[in-house]
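# Coordinate analysis (summary)
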Amino acid sequence: MAKIYVEGPVRLSGEVDIHGAKNGALPILAGTILCRGECILHNCPNLSDVETSLKILTHLGCECRREGQTVIVNAADMSGYEIPDALMREMRSSIVFLGAIVARMGRAKLSSPGGCELGPRPIDLHLAALRSLGATIQEDHGVLDCTTPALLNGTAISLSFPSVGATENIMLASATARGVTVIHNAAREPEISDLADFLNSAGAKIYGAGSDTIEIHGVAALHGTEHTVLPDRIAAATFLAAAAITRGSVVLHKVMPSHLMAVLSVFREAGCDVVASGKDLKLSAPAKLRRIPMVRTLVYPGFPTDAGPPVLAMQTLADGTSMFLENIFENRFKYVDELKRLGANIKVAGKVAVVEGVARLSGAPVECTDLRGGAALAVAALAASGVTEIDKIHHIDRGYDRFEESLRALGAKIKRE
Ligand code: UD1
């Protein structure tokens, strides 16, 4: 198994392009199922979760090919409705395919995603919503068999929590349903707006995405289209944390600073100078990062749970005590034990992690426990003295395109073996 080796400490400087958003690309790839023609997706990052989505589409009978950062999907001749268990296990967020497949084929069969590295990952909101649109769902030994005799029927759905995946599944299921669907308490993440933009460019009629009420007027069918996936705000946050912990100065290109407001205010609180200009973000770190009294993860536009791990890693070398309150996922702090191997001083109690800044970190062998936790280890390793050997890097590959290359371009001593 390949490992990443990071030799520190370094000071990052230079410029880097941020790739397209994983969490934007995945629901859009599911959305191509609804389109009876070629969908050309630009800025579609080359990472393993996207590859898994393409394997799912290919398995369902869609034609898929990649040309650089562009992915082309044609679902005109789609014939399947089942996602094999092995592919569901590779990527639990493939539950977002459920709504699209049942809308297109009248049936969808896949294994339930169950628990994941961030704790139990319930899908009750997805299933209740699909049922209220008229789907029948049988659950047997962890397999979900979702059918609809005819078209799904638009209806009003109030989510008890603004789940990103459930909002996406409802949008996908109802884009070609009969009548109007209204989602109350919808997720407002930028990836939701991007999915709506993609679907609308393919002929859907979706209004209000980005607000907490989304209205979907069902249309008969969607056609092929061309779309550019939005920039990855979590990859951006990761590179900012990497620059900050190394007391560096970097410019990120191809970002959407307005999607990062809550993240940028946390970096400023830590003493970083952050300047946004168009699609560029420049960060210059202070000689010593300041403590951040409290980072609370929240739904958008709050501080994103996925940016928590790299920012927590950055605070391991800050002056004083920082506190992180995780409100979205149970079990998000598994990577903390690995950070401690580098010399970090962190205490976790339930939803809270208390990070006592230390004078130095030192390299050690560590293991990724999950995607963003893995990125956090790399961030810390850049500032740790000596070599850090990072194992189980398939987690990092799920969400970062050319991770080591990008860091190397900023001056990191990082290699994969
Ligand atoms: C998406 C992102 C993930 C991010 C998360 C929160 C993708 C592929 N993944 O995940 O990176 O961390 O948003 O911004 O886009 N919940 C339920 N029942 C449900 C659905 C969710 O209880 O049916 C709970 C979850 O357990 C969790 C919370 O709601 O506690 C947030 O989940 P959700 O917003 O659905 O996140 P995902 O779509 O899974």
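Residues numbered from 1 in each chain as written. Predicted model: local features only at pLDDT ≥ 70, side-chain atom pairs only at ≥ 80, totals over all residues. Heavy atoms only, no water.

What follows covers the nonpolar core. Within the largest apolar cluster, 78 residues are counted, with the highest numbers of intra-cluster contacts made by Leu-252, Phe-267, Leu-312 and Leu-339. A total of 11 residues in this core trace back to one element, the largest contributor, which is helix α8 (residues 233–245). Not counting residues within four places of it along the chain, the set of residues in contact with Leu-252 comprises Val-16, Ile-18, Ala-236, Phe-239, Leu-240, Lys-279, Asp-280 and Leu-281. Core analysis: the second largest hydrophobic core is formed by 74 residues, Leu-41, Met-88, Ala-175 and Ile-214 among them. (Core = buried A, V, L, I, M, F, W, Y, C linked by side-chain atoms within 4.5 Å. Buried < 20%, exposed > 50% of the residue type's maximum accessible area, 1.4 Å probe, protein only. Helix = DSSP H or I, 4+ residues; strand = E, 2+ residues; numbered from the N terminus. Contact = heavy atoms within 4.5 Å.)

Before going further, it helps to examine the packing of aromatic side chains. For the coordinates displayed, the defined rule picks out two aromatic pairs. With a centroid separation of 5.0 Å and 50° between ring planes, the pair formed by Tyr-400 and Phe-403 is classed as tilted. Given the relative accessible area of 3%, Phe-403 is considered buried. (Phe/Tyr/Trp six-rings, centres within 6.5 Å; stacked < 30°, edge-to-face > 60°.)

The next thing to look at is the pairing of strand β1 (residues 4–8). Taken residue by residue, a regular strand's side chains alternate between the two faces of the sheet. The two faces of β1 differ: Ile-4, Val-6 and Gly-8 on one face are buried, but Tyr-5 and Glu-7 on the other face are not. Summarising the sheet, β1 and strand β26 (residues 413–416) pair through four bridges and their orientation is antiparallel. Note on β26: the bridge partner recorded for Ile-4 is Arg-416. Pairing analysis gives five bridges linking β1 to strand β25 (residues 386–391), with the strands arranged antiparallel. Bridge pairing links Tyr-5 to Glu-389 in β25. (Pairing = 2+ DSSP bridges.)

Close to the ligand lie 16 residues; Asp-124, Leu-125, Ser-163, Asp-306 and Ile-328 are nearest. Between the ligand and Pro-122 there is a distance of 3.4 Å, counted from an oxygen atom to a backbone nitrogen or oxygen. Within the backbone of Leu-125, an N or O atom sits 2.7 Å from an oxygen atom of the ligand. Within the complex, 83% of the 740 Å² of free accessible area of the ligand lies under protein. Counting only elements with at least two residues in the shell around the ligand, the list comes to α5 (124–132) and α6 (164–174). No other element matches the three residues that α5 contributes to the shell around the ligand. (Near = heavy atom within 4 Å. Polar contact = N/O pair within 3.5 Å; in protein donor to acceptor, adjacent residues only side chain to side chain. Areas by Shrake-Rupley, 256 points an atom, 1.4 Å probe, with all protein chains shown as cover.)

Moving on: the sheet that holds strand β19 (residues 280–284). Ordered by their spatial adjacency, four strands build an open sheet running β2-β17-β19-β18, and the pairing between neighbours is mixed. Two strands bound the open sheet, and with one partner strand each, they are β2 (13–17) and β18 (273–277). Taken pair by pair, the neighbouring strands of this sheet meet at an average axis angle of 15°, ignoring direction. Pairing between β18 and β19: five bridges, direction antiparallel. The partner of Val-275 across the bridge, within β19, is Lys-282. (Axes fitted to C-alpha atoms, helices over the stretch in contact; angles between N-to-C directions.)

Here the focus is the pattern of salt bridges. Scanning the entire structure with this criterion turns up 19 salt bridges. Residue Arg-233 pairs with Glu-191 through a salt bridge whose shortest N-O separation is 2.9 Å. Of the two residues, Arg-233 is situated in helix α8 and Glu-191 in helix α7 (residues 190–201); the sequence distance between them amounts to 42 residues. Given the relative accessible area of 10%, Arg-233 is considered buried. The exposure class of Glu-191 is buried, given its relative accessible area of 5%. Across the salt bridge formed by Asp-401 and Arg-402, the nearest N and O atoms sit 3.2 Å from each other. Classification of Arg-402 by relative accessible area gives partly exposed; the value is 45%. (Salt bridge = Lys/Arg side-chain N within 4 Å of Asp/Glu carboxyl O.)

Overall, the coordinates contain zero disulfides when judged by the stated rule. Free of any disulfide, Cys-44 has its nearest cysteine sulfur in Cys-64, 10 Å distant. Here Cys-64 stays free of any disulfide, with the sulfur of Cys-62 as its closest cysteine sulfur at 5.8 Å. (Disulfide = S-S within 2.5 Å.)

Given a rise of 1.5 Å per residue, 12 residues ought to cover 16 Å, and the 17 Å separating the end C-alpha atoms of α7 matches this to within 8%. Taken residue by residue, α7 has Pro-190, Glu-191, Ile-192, Asp-194, Leu-195, Ala-196, Phe-198 and Leu-199 as its buried positions. At the C-terminal side of α7, Gly-203 shows a positive phi close to 110°. (Expected span 1.5 Å × (residues − 1).)

The next thing to look at is the environment of Thr-176. With respect to the helices and strands, the residue Thr-176 is situated in the loop between α6 and β13 (180–184). Under the relative-accessibility criterion, Thr-176 is labelled buried at 9%. Here the alpha-carbon distance between Thr-176 and Val-219, two residues 43 residues apart in the chain, equals 4.8 Å. When neighbours within four sequence positions are excluded, Thr-176 is seen to be in contact with Leu-34, Ala-103, Leu-151, Val-219, Ala-220, Ala-221 and Leu-222.

This brings us to the side chain of Thr-70. Summarising the element assignment, Thr-70 is placed in strand β5 (residues 70–74). Once residues within four sequence positions are removed from consideration, Thr-70 is found in contact with Ile-40, Leu-41, His-42 and Arg-65.

Turning next to helix α9 (residues 261–269). Those residues of α9 lying buried are Ala-262, Val-263, Leu-264, Val-266 and Phe-267. The elements touched by buried residues of α9 are α8, β18, β19, β20 (295–296) and α10 (308–315). Following α9 by one or two positions, Gly-271 adopts a phi angle in the positive range, close to 100°.

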